[in-house]
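Now for the letters of each chain:
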Amino acid sequence: MARPKISLIGGGQIGGVLAQLCALRELGDVVMFDIVENMPQGKTLDIAEASPVDGFDVSVTGTNDYKDIAGSDVVIVTAGLPRKPGMSRDDLIEVNSKIMTSVSEGIRDNAPDAFVIIISNPLDAMVTLCQKITGFPSERVCGQAGVLDSSRFAAFIAWELGVSVKDVTAITLGGHGDTMVPLVRYASVAGIPVMELLEQKYGDAAKAQEVMTAMVERTKAAGGEVVKLLGNGSAFYSPASSAVAMAESFLKDQKRVLPTCALLDGQYGVDNFYVGVHCVIGAGGIEKILELKLDETEQALMDNSVAAVKELVGSMNL
Ligand code: APR
């Protein structure tokens, strides 16, 4: 049986890590597209030349021609500018929507059957634009943000409690911006509510709440924290790992439950907008959207986040 084909649109920082991770995990043959001449060819040649050392039997190639993404099973998009220190993700909308328009046309015309994962920011707006232009069914166009936001939240919890990251479950919902909603009530360590463990650790409910609030705020600002430290560019290892988890769940029909930017159809009171929610990702793409029971405070935070997404998407005048 032929190997699956994964195309990466954008061969910059995230694109490079994506290519290497897909190869190391032998998820399929990788094609990296970029508009910069020779760069994707050079980067993929570098990765491919390590294949005897790393022992992966997939091909990794670069191109400047959209025709080479034909037959893709998965397309992951990172084309677009990253933010600079002091910028919000939303500040990228004008320049990145132009890029996303041409990218979406390239995907529509050359890889009409692909499952598309967008990483470019501002995420919720870029996914909306891509789905509109490709006209692909919404099960096949989604965005990566929630896996990373949740991973950051989980990492902070694991570090705070001194437990394995493998045993932490943490969830963020909503848009991929300052209004995202880390859900404290659903955060757990091996099934034990995190708040219970924090209260045990500090012996004081108020202190536990203070520590949790700090982790929630750090999660919401985590992308900016990395941008500030890097000084030039934004996070790239963790977004790549997160998108690979989504691609793998699709390619292997794992049906993992992953926070994903997906088109809502009434869930959380939202109709026809892309927002981060829990999804089952399998061979059918976004096979199911799981709606959690939110309390009043959580729903208000979700409403606030959805309002921010609607305003951003509205500014594109689609
Ligand atoms: N078509 C294809 N690729 C393009 C286009 C285009 N029209 N315009 C730009 N690119 C490419 C650039 O040449 C560059 O190689 O997109 C790549 C972006 O790479 P980086 O600048 O290194 O950015 P990266 O860190 O990978 O982030 C990409 O993901 O998380 C988001 O905010 C981030 O929007 C940014 C995107």
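All values derive from a computational prediction rather than experimental measurement.

## Regarding the UniProt feature "domain: Lactate/malate dehydrogenase C-terminal" (unreviewed entry) in the protein chain
(1) Moving on: Look at the UniProt record and you will see "domain: Lactate/malate dehydrogenase C-terminal" (unreviewed entry) annotated at residues 148-311.
(2) Moving on: Annotation note: span residues 148-311, helix share 48%, strand share 23%, distance between end C-alpha atoms 23 Å.

## Digging into the packing of aromatic side chains
(1) Moving on: Summed over all chains, the structure comprises four aromatic pairs.
(2) Moving on: When the centroid spacing of 4.5 Å and the interplanar angle of 15 degrees are considered together, the rings of Phe115 and Phe250 count as stacked. Note that Phe115 is positioned in strand 5 (residues 115-118) and Phe250 in helix 10 (residues 237-251), a separation of 135 residues in sequence.
(3) Moving on: Residue class for Phe115 comes out buried when judged on its relative accessible area of 0%.
(4) Moving on: In this arrangement the basic side chain of Arg140 is found over the ring face of Phe136, its NZ or CZ atom lying 4.7 Å from the centre.

## What to know about the domain arrangement of the protein chain
(1) Moving on: Domain boundaries assigned for the protein chain yield domain 1 (5-145) and domain 2 (146-318).
(2) Moving on: Between domain 1 and domain 2, the contact holds 41 residues from the first and 46 residues from the second.
(3) Moving on: Its largest share of buried area at the contact with domain 2, domain 1 owes to Arg89, Asp124 and Ala145, together 18% of the area lost on that side.
(4) Moving on: Arg25 serves as the salt-bridge partner of Glu248, at 3.1 Å between the closest nitrogen and oxygen.
(5) Moving on: There are ten residue pairs in polar contact (both at pLDDT 80 or more) connecting domain 1 and domain 2.

Rules and cut-offs
Residues numbered from 1 in each chain as written. Predicted model: local features only at pLDDT ≥ 70, side-chain atom pairs only at ≥ 80, totals over all residues. Heavy atoms only, no water. UniProt positions renumbered as here; feature names shortened; annotations may be inferred. Helix = DSSP H or I, 4+ residues; strand = E, 2+ residues; numbered from the N terminus. Phe/Tyr/Trp six-rings, centres within 6.5 Å; stacked < 30°, edge-to-face > 60°. Buried < 20%, exposed > 50% of the residue type's maximum accessible area, 1.4 Å probe, protein only. Lys NZ or Arg CZ within 6 Å of the ring centre and 35° of its normal. Domains from an automatic or database assignment. Contact = heavy atoms within 4.5 Å. Buried area = accessible area lost by both parts, 1.4 Å probe. Salt bridge = Lys/Arg side-chain N within 4 Å of Asp/Glu carboxyl O. Polar contact = N/O pair within 3.5 Å; in protein donor to acceptor, adjacent residues only side chain to side chain.

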